[in-house]
Amino acid sequence: MIDMHTHVLPCIDDGANSVETSQTLLRMAHDQGVQEIVFTPHYYGDVSLDEFLERRQTAYETIQATLPQGMRVRLGAEVYFSGLQSTNYDELAYLKIQNTNCVMLELPFLTVWPKCLFSNLEKCIQEMECTPIIAHVERYVEVLKDPTLLNRLLELGCLLQVNTSAFLKKHTKGLASAMLKNGYVHCFGTDAHDAEVRKPNYTQAKSVVEELGLLAEWENVQATMQRILDGKPISLRVKKSIKKFFGRYH
Ligand SMILES: [Fe+2]
């Protein structure tokens, strides 16, 4: 399995706070069957791009020699995209997931999106000439309120990432299940930060997906992630548009 979204690199963001924690998280992921992991530390633009890239490289080098046997890793970032015009789009191309043309973007998830978010996202995509992967789409209050916004993201050419924990939480399970069932999920990520609360939970999520009868769709997402990492084209076609009726997603 592939984990596209993690905060496992040590001491670079609010994720792993020591080399030991990083090693524990990598061991946990490996034990759960993760064979390839993408390191996506937060990039908020509060430090310079050069400083971030240097800190990320240093963090990686501290754990490089102790990676679980056979585990493949890539460097990436979770880039905060506020939707406001202050974003420096030129920088984004340097934050792509290693050896791909994709960059992971985090949109504002606790607040109402600015009206210009979609137009700026479109501008950003054109300028940076790479494909955004929208991080943990099920966490955005705007998407939970109105899942048709997912269609707008797809129309812009965005790929969608869902957290494995979405299947374990009551308020996101319905949306995540509807997304998986209808072809809206291109990537899974554990978004692992630590070994206690936000820990790698791939096995648990897979069990829930199996109970939902969506294992074939789960495997499709694994194949899609492999295609993304291999630089192959991805279909953005969905089976059926998701609607929300009386708090449930269909
Ligand atoms: Fe994250």
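Our structure's up above, just so we're on the same page.
Every value quoted in this text rests on a predicted model; they were computed, and no experiment measured them.

Participant: Just checking my understanding: could you explain the sheet that holds strand 8 (residues 159–163) for this structure?
Facilitator: Strands pair in a sheet through their backbones, by hydrogen bonds, and they do so in one of two ways: parallel or antiparallel. Pairing within the open sheet is parallel, and its six strands lie in the order 3-5-6-7-8-9. Every other strand in the sheet has two partners, leaving strand 3 (42–43) and strand 9 (187–189) as the edge strands with one partner each. Examined bridge by bridge, strand 8 and strand 9 share three bridges and lie parallel to one another. The residue of strand 9 that forms the bridge with Asn 163 is Gly 189.

Participant: Could you clarify how one ought to interpret the pairing of strand 8 in this entry?
Facilitator: Of all five residues that make up strand 8, five are buried, and the element is covered over most of its length. Judged from the two bridges that link them, strand 7 (residues 131–134) and strand 8 form a sheet pairing that is parallel. Directly across from Ile 133, in strand 8, lies its bridge partner Leu 159. Handedness of the crossover joining strand 8 and strand 9 through helix 7 (residues 170–181): right-handed.

Participant: Just checking my understanding: could you explain the sheet that holds strand 2 (residues 36–39) for this structure?
Facilitator: Strand order in the open sheet formed by three strands is 1-2-4, with parallel pairing between adjacent strands. With one partner strand each, in any of the chains shown, strand 1 (2–6) and strand 4 (72–75) form the two edges of the open sheet. Taking each pair of neighbouring strands and ignoring which way they run, the sheet shows an average axis angle of 20°. Taken together, the four bridges between strand 2 and strand 4 define a ladder with parallel strand orientation. Of the residues in strand 4, the one forming a bridge with Glu 36 is Arg 72.

Participant: What is the right way to read the pairing of strand 6 (residues 102–106) from this model?
Facilitator: Every regular strand shows the same layout, with side chains that alternate between the two sheet faces. Most of strand 6 sits inside the fold, with five of its five residues counted as buried. Direction of pairing for strand 5 (residues 78–80) relative to strand 6: parallel, over a ladder of three bridges. Paired with Tyr 80 across the strands is Glu 106, a residue of strand 6.

Rules behind the numbers
Residues numbered from 1 in each chain as written. Predicted model: local features only at pLDDT ≥ 70, side-chain atom pairs only at ≥ 80, totals over all residues. Pairing = 2+ DSSP bridges. Helix = DSSP H or I, 4+ residues; strand = E, 2+ residues; numbered from the N terminus. Buried ≥ 20, exposed ≤ 12 C-beta atoms within 10 Å, placed from the backbone. Right-handed = clockwise from strand over helix to strand, strands pointing away. Axes fitted to C-alpha atoms, helices over the stretch in contact; angles between N-to-C directions.

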